[in-house]
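Below are the chains, spelled out letter by letter.
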Amino acid sequence: DAKTTQPTSMDCAEGRAANLPCNHSTISGNEYVYWYRQIHSQGPQYIIHGLKNNETNEMASLIITEDRKSSTLILPHATLRDTAVYYCIVRVGGNTPLVFGKGTRLSVIA
Amino acid sequence: GAVVSQHPSRVICKSGTSVKIECRSLDFQATTMFWYRQFPKKSLMLMATSNEGSKATYEQGVEKDKFLINHASLTLSTLTVTSAHPEDSSFYICSAVGLAGRSEQYFGPGTRLTVT
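Residues numbered from 1 in each chain as written. Chains lettered and ligands numbered in written order. Predicted model: local features only at pLDDT ≥ 70, side-chain atom pairs only at ≥ 80, totals over all residues. Heavy atoms only, no water.

(A) Quick peek at the sheet that holds strand β8 (residues 76-81) of chain B. Residue and element names in this part refer to chain B. Spatially, the 4 strands line up as an open sheet ordered β1-β3-β8-β7, and their pairing is antiparallel. Only two strands of the sheet have a single partner each, and these edge strands are β1 (4-7) and β7 (67-73). The average undirected angle you get between the axes of adjacent strands in this sheet is 15°. (Pairing = 2+ DSSP bridges. Helix = DSSP H or I, 4+ residues; strand = E, 2+ residues; numbered from the N terminus. Axes fitted to C-alpha atoms, helices over the stretch in contact; angles between N-to-C directions.)

Structural data, given as structure tokens:
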């Protein structure tokens, strides 16, 4: 079973920041927070992951609360191509599989 | 990011026949590959874990004799759907984890299977 809770759907205006929340109140100390997205009829795409520090890459920023019970994925300037289902997943890492929940369907609107 | 390919991207087969789907890691060696299935408007469901040179580990409810998995090399895993039925029609996706301590999983583009 997925160990995260995400809103079912969100809308975001093109060019604005998209902030996608995720609750993972039962996260263990050795579990990372991973974010993936899936554009319609494609395989999931890795976005970012972190353990406890905030992380940033060319795609997004990941903000993890100090107690690690929740996190927020930030797409700084959303475009129409960012319309997708975004999955927040907690995972130990290594060779363990990703277990997908229902994710958040983000619609970027022109 | 690392590249994972799948072949074919789409396949249509008749009931009772078998279909093989290939998953390749193109620019890295994958010690472990995973196979997922996704029905329309649903999330990905893990089917099995495939480790190079050993038998696959199947999730509860997944028939190992129906979904044959072979991980013959560090860059190739295959999923064979045997005696396919219309209810096996789905989107099959593989992912791979690399050798060098990297923990990200990289996904293939998926294979759309339609059984008529």
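(B) Molecular detail of the nonpolar core. Residues L98(A), F100(A), W35(B), Y36(B), F107(B) and L113(B) are the most contacted members of the largest nonpolar core, which totals 42 residues. The element best represented in this core is strand β9 (residues 90-98) of chain B, accounting for 6 residues. Of all hydrophobic cores here, the second largest spans 21 residues; its members include L20(A), I27(A), V33(A) and V90(A). (Core = buried A, V, L, I, M, F, W, Y, C linked by side-chain atoms within 4.5 Å. Buried < 20%, exposed > 50% of the residue type's maximum accessible area, 1.4 Å probe, protein only.)

(C) Representation of the interface of chain B and chain A within the structure. The partner chain A presents 20 residues to the 19 residues of chain B that form the contact. A combined buried area of about 1400 Å² lies between chain B and chain A, and 53% of that area is made up of carbon and sulfur atoms. It is S103(B), Q105(B) and F107(B) in chain B that bury the most area against chain A; as a group they hold 31% of the surface buried on that side. At the surface where chain B touches chain A, the tally comes to 0 salt bridges. Applying the counting criterion to the chain B and chain A interface returns 6 residue pairs in polar contact (both at pLDDT 80 or more). Among the secondary structure elements, those contributing two or more residues to the side of chain B that touches chain A are β4 (30-38), β9 and β10 (105-107) of chain B. The element that contributes the greatest number of residues to the side of chain B that touches chain A is β4(B), accounting for 5 residues. Tallied by class, the residues present in the side of chain B that touches chain A amount to 10 nonpolar, 7 polar and 2 charged. (Contact = heavy atoms within 4.5 Å. Buried area = accessible area lost by both parts, 1.4 Å probe. Salt bridge = Lys/Arg side-chain N within 4 Å of Asp/Glu carboxyl O. Polar contact = N/O pair within 3.5 Å; in protein donor to acceptor, adjacent residues only side chain to side chain. Nonpolar A, V, L, I, M, F, W, Y, C, P; charged D, E, K, R; others polar.)

(D) Representation of the sheet that holds strand β9 (residues 104-109) of chain A in the model. Residue and element names in this part refer to chain A. Strands sit in the order β1-β9-β8-β3-β4 across an open sheet of 5 strands; the sheet is mixed. Taken across any chain shown, the strands that pair with only one partner, and hence form the sheet edges, are β1 (9-13) and β4 (45-50). Shown here is a sheet whose adjacent strand axes are inclined to one another by a mean of 25°, direction ignored. Two strands pair when backbone bridges link them, and strand β8 (residues 84-91) and β9 are joined in this way by 3 bridges, in the antiparallel orientation.

(E) Quick peek at unusual backbone geometry. A cis amide bond links H7(B) to the next residue, P8(B), at an omega of 0°. Examined against the element boundaries, P8(B) turns out to sit in the loop between β1 and β2 (10-13). Positive phi values are uncommon outside glycine, yet S41(A) reaches one of about 65°. For S41(A), the location among the structural elements is in the loop between β3 (32-38) and β4. With a phi close to 60°, R68(A) is a non-glycine residue in the positive phi region.

(F) Region of the structure containing the packing of aromatic side chains. Summed over the entire model, instances satisfying the criterion amount to 11 aromatic pairs over all chains. Ring geometry for Y32(A) against Y34(A): centres 6.3 Å apart, planes inclined by 55°, an arrangement best described as tilted. Y34(A) gets classed as buried once you look at its relative accessible area, which sits at 0%. On the numbers, 5.5 Å between centres and 80° between planes, the contact of Y36(A) with F107(B) is edge-to-face. With Y36(A) in strand β3 and F107(B) in strand β10, the pair connects residues from two separate chains. Residue F107(B) is classed as buried on the basis of its relative accessible area, which comes to 9%. A network of ring pairs unites the aromatic residues Y36(A), Y46(A), Y87(A), F100(A), F28(B), Y36(B), Y106(B) and F107(B) as a single cluster. Over the face of the ring belonging to Y34(A) we find R91(A), whose NZ or CZ atom lies 5.0 Å from the ring centre. Sitting above the plane of the F67(B) ring, K66(B) keeps its charged end 5.9 Å from the centroid. (Phe/Tyr/Trp six-rings, centres within 6.5 Å; stacked < 30°, edge-to-face > 60°. Lys NZ or Arg CZ within 6 Å of the ring centre and 35° of its normal.)

(G) The pairing of β8(A), seen in detail. Buried residues dominate β8(A), accounting for 8 of its 8 residues. The alternating pattern of β8(A) places A84(A), Y86(A), C88(A) and V90(A) on one face and V85(A), Y87(A), I89(A) and R91(A) on the opposite face, and all of these are buried.

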